Amino acid sequence: MAQVYRGGQPYPAGYPGRLTPHEVRTREFAARRRGVDPDEVREFQARMADELAMLNEAVRLLSQENDRIKRALRDWQTLHARECRPPQDPPHNSGHW
């Protein structure tokens, strides 16, 4: 399969890069004899670009929250690892089994 390019650069590791809202808004299509209404295409592109921008912002915020939670968990684990001491003599099983 041929390497796919965008903007003259190959995709890293063979994976496509993320589309940006600007790319969606400015995408041009070749004219066809019985094509679609250009105004409808532009309206659809604007809606898609707005939704893409919203989703990119949500991903950014969730990534920040994820990093914050990971740091908090590491801090909590560090604090409690210092407080917890292993038992001096492990209990012996004196039960029937």
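Since we're looking at a predicted model, the values are computed, not measured.

Q: Which residues make up the environment of Glu43, and what values do they have?
A: Position of Glu43 relative to the elements: it lies in helix 2 (residues 38–83). Each C-alpha atom of the pair Glu43 and Arg25 lies 9.2 Å from the other, and the pair is 18 residues apart in sequence.

Q: Tell me about the confidence of the model for the chain, residues and numbers included.
A: The predicted coordinates of low-pLDDT regions are not to be read in fine detail. Taken over all residues, the pLDDT of the chain has a mean of 80, while the share at 70 or more is 70%. Within the chain, no element has a lower average pLDDT than strand 1 (residues 5–6), which sits at 51, and none a higher one than helix 2, at 92.

Q: Break down the pattern of salt bridges for me, with residues and values.
A: As enumerated under the stated definition, the model contains 4 salt bridges in all. With a closest N to O distance of 2.6 Å, Glu57 and Arg60 form a salt bridge. Residue Glu57 and its partner Arg60 are located together in helix 2, separated by 3 residues, close to a single helical turn. For Glu57, a relative accessible area of 34% gives the class partly exposed. Residue Arg68 pairs with Glu65 through a salt bridge whose shortest N-O separation is 2.8 Å. You can see Arg68 and its partner Glu65 sitting in helix 2, 3 residues apart, about one turn around the helix. Judged by relative accessible area, Arg68 falls into the partly exposed class, the value being 42%.

Q: Break down a negative patch on the surface for me, with residues and values.
A: A surface patch of like charges, here negative, comprises Asp37, Asp39, Glu40 and Glu43. Positionally, Glu40 belongs in helix 2. The class of Glu40 is exposed, set by a relative accessible area of 54%.

Q: Which residues make up the layout of surface pockets, and what values do they have?
A: Here the largest pocket is characterised by a volume of approximately 240 Å³. Around the largest pocket sit Glu28, Phe29, Ala30, Ala31, Arg32, Gly35, Val36, Asp37, Pro38, Val41 and Arg42, which together line it. Broken down by class, the residue content of the lining of the largest pocket amounts to 6 nonpolar, 1 polar and 4 charged. Estimated volume of the second largest pocket: approximately 180 Å³. Lining the second largest pocket are Leu19, Glu23, Val24, Arg27, Phe29, Phe44, Gln45, Met48, Glu51, Leu52 and Leu55. Breaking the lining of the second largest pocket down by element, the ones donating at least two residues are helix 1 (21–26) and helix 2. Broken down by element, the lining of the second largest pocket gets its largest block of residues, 6 residues, from helix 2.

Cut-offs applied
Residues numbered from 1 in each chain as written. Predicted model: local features only at pLDDT ≥ 70, side-chain atom pairs only at ≥ 80, totals over all residues. Heavy atoms only, no water. Helix = DSSP H or I, 4+ residues; strand = E, 2+ residues; numbered from the N terminus. pLDDT = per-residue confidence, 0-100. Salt bridge = Lys/Arg side-chain N within 4 Å of Asp/Glu carboxyl O. Buried < 20%, exposed > 50% of the residue type's maximum accessible area, 1.4 Å probe, protein only. Patch = residues over 30% accessible without salt bridge, like charges linked within 9 Å, V, L, I, M, F, W, Y side chains within 5 Å. Areas by Shrake-Rupley, 256 points an atom, 1.4 Å probe, with all protein chains shown as cover. Lys, Arg positive; Asp, Glu negative; His and termini not counted. Charge placed at Lys NZ, Arg CZ, Asp CG, Glu CD. 1 Å grid on protein atoms, 1.4 Å probe; cavity = no way out; pocket = protein on both sides within 12 Å on 5 of 7 lines; lining within 4 Å. Points joined across faces, edges and corners; volume = space filled by probe spheres on them. Nonpolar A, V, L, I, M, F, W, Y, C, P; charged D, E, K, R; others polar.

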